[in-house]
Amino acid sequence: TRGSLALRRLLLGRFAEEGIEASGDQLLLTGSGTQAIDLICRYLLRPGDTVLVDDPGYFNFQALLRAHRVELVGIPYTPTGPDTVAFEAALAMYRPRLYVTNSALHNPTGASLSPQTAHRILSAATAYDLTIVEDDIFADFEPVPTPRMAALDGLDRVIRIGSFSKTLSASIRCGYIAARADWIEGLVDLQVATSFGGPS
């Protein structure tokens, strides 16, 4: 139900190279990156919750979140990541449940997160008990790796998702979720309930 053991071991090895210490019970393979987001939304959100998204941001994130009937609040995206002043103001005003973002080679701006911005975002998220979903789908195209919130946070309040559709082939329908072990356990059950299994 968690997906191919060999592929999960490969991903855990790559995470370790980035400084993300994760175990096998913190990783779940999914049918795609989109399914990864959908499962997280089903698991963590309720209709009417508020979710922060990048502005501009990936159009399908917004479409999927709207399908879950949540309120979206856009955070301006700068050359070093989200505008931290606007981010902190939105946390205080809206008390959002999630923030969904790309940290590296952001879609559509191409910007990457700076260490200073990552630090401020994580500090604010901790203060307001916010969960961050970090989509790392473009990581393999980055010439020099930049900071990842999942590595800085240790997968405590940051959920890392990704897939192979941009790097290998759009026809490879396989993604992943890396998160706290207790959340992965619930997401496994949810994936079985909604698709009767994981990716083949």
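Residues numbered from 1 in each chain as written. Predicted model: local features only at pLDDT ≥ 70, side-chain atom pairs only at ≥ 80, totals over all residues. Heavy atoms only, no water.

Topic: the confidence of the model for the protein
For clarity, the threshold we go by: Confidence scores labelled pLDDT are given residue by residue by the predictor and lie between 0 and 100. Helix and strand definitions follow DSSP, with helices as H or I runs of at least four residues and strands as E runs of at least two, each counted in order from the N terminus.
The pLDDT averaged across the protein works out to 92; a share of 98% of its residues lies at or above 70. Of all secondary-structure elements in the protein, the lowest mean pLDDT belongs to helix α3 (residues 59-67), at 91, while helix α4 (residues 84-94) reaches the highest, 98.

Some words on the environment of Val 53
To be explicit about the condition: Only protein chains enter the calculation, and the probe is 1.4 Å; a residue is then buried if its accessible area is under 20% of its type maximum, exposed if over 50%, and partly exposed in between.
Residue placement: Val 53 occurs in strand β2 (residues 50-55). With relative accessibility at 7%, the residue Val 53 sits in the buried group.

As for the layout of surface pockets
As a reminder of what qualifies: Every definition here rests on a 1 Å grid over the protein atoms only: cavities are sets of points where a 1.4 Å probe fits but cannot get out, pockets are open sets enclosed by protein on both sides within 12 Å along at least five of seven lines, and lining residues have some atom within 4 Å of a point. Grid points are joined across faces, edges and corners, and a volume is the space filled by probe spheres set on the points.
Each pocket or cavity is described by its volume, and for the largest pocket that value is around 440 Å³. Lining the largest pocket are 21 residues, and of these Arg 14, Glu 18, Asp 136, Ala 139 and Asp 140 sit closest to its centre. Elements that contribute at least two residues to the lining of the largest pocket include exactly α1 (5-18) and β7 (158-163). Per-element tally for the lining of the largest pocket: the top contributor is α1, with five residues. In this structure, the second largest pocket occupies an estimated 260 Å³ of space. Of all elements in the fold, only α2 (33-44), α3 and β7 reach the threshold of two or more residues within the lining of the second largest pocket.

Things to note about helix α7 (residues 181-195)
Heads up, the condition is: A helix is expected to reach a length of 1.5 Å times the quantity of its residues less one. Any two residues having at least one pair of non-hydrogen atoms within 4.5 Å are treated as being in contact.
Relative to the 21 Å expected for 15 residues at 1.5 Å per residue, α7 spans 21 Å between its end C-alpha atoms, a close match to the ideal helical length. Looking at α7, one finds that the buried residues are Trp 183, Ile 184, Gly 186, Leu 187, Val 188, Leu 190 and Gln 191. Taken together, the buried residues of α7 touch β1 (27-30), α2, β6 (131-135), β7 and β8 (175-178). Phi for Phe 196, located one or two positions after α7, is positive at around 55°.

What to know about empty space enclosed by the protein
Gaps left between atoms show up when a probe the size of a water molecule is rolled over them. Inspection of the entire model under this criterion finds one cavity of 30 Å³ or more. Estimated volume of the largest cavity: approximately 60 Å³. As for the largest cavity, its lining consists of Val 53, Asp 54, Gly 57, Tyr 58, Phe 61, Gln 62, Val 100, Thr 101, Asn 102, His 106 and Asn 107. By residue number, the principal contributor to the lining of the largest cavity is strand β5 (residues 98-102), which donates three residues.

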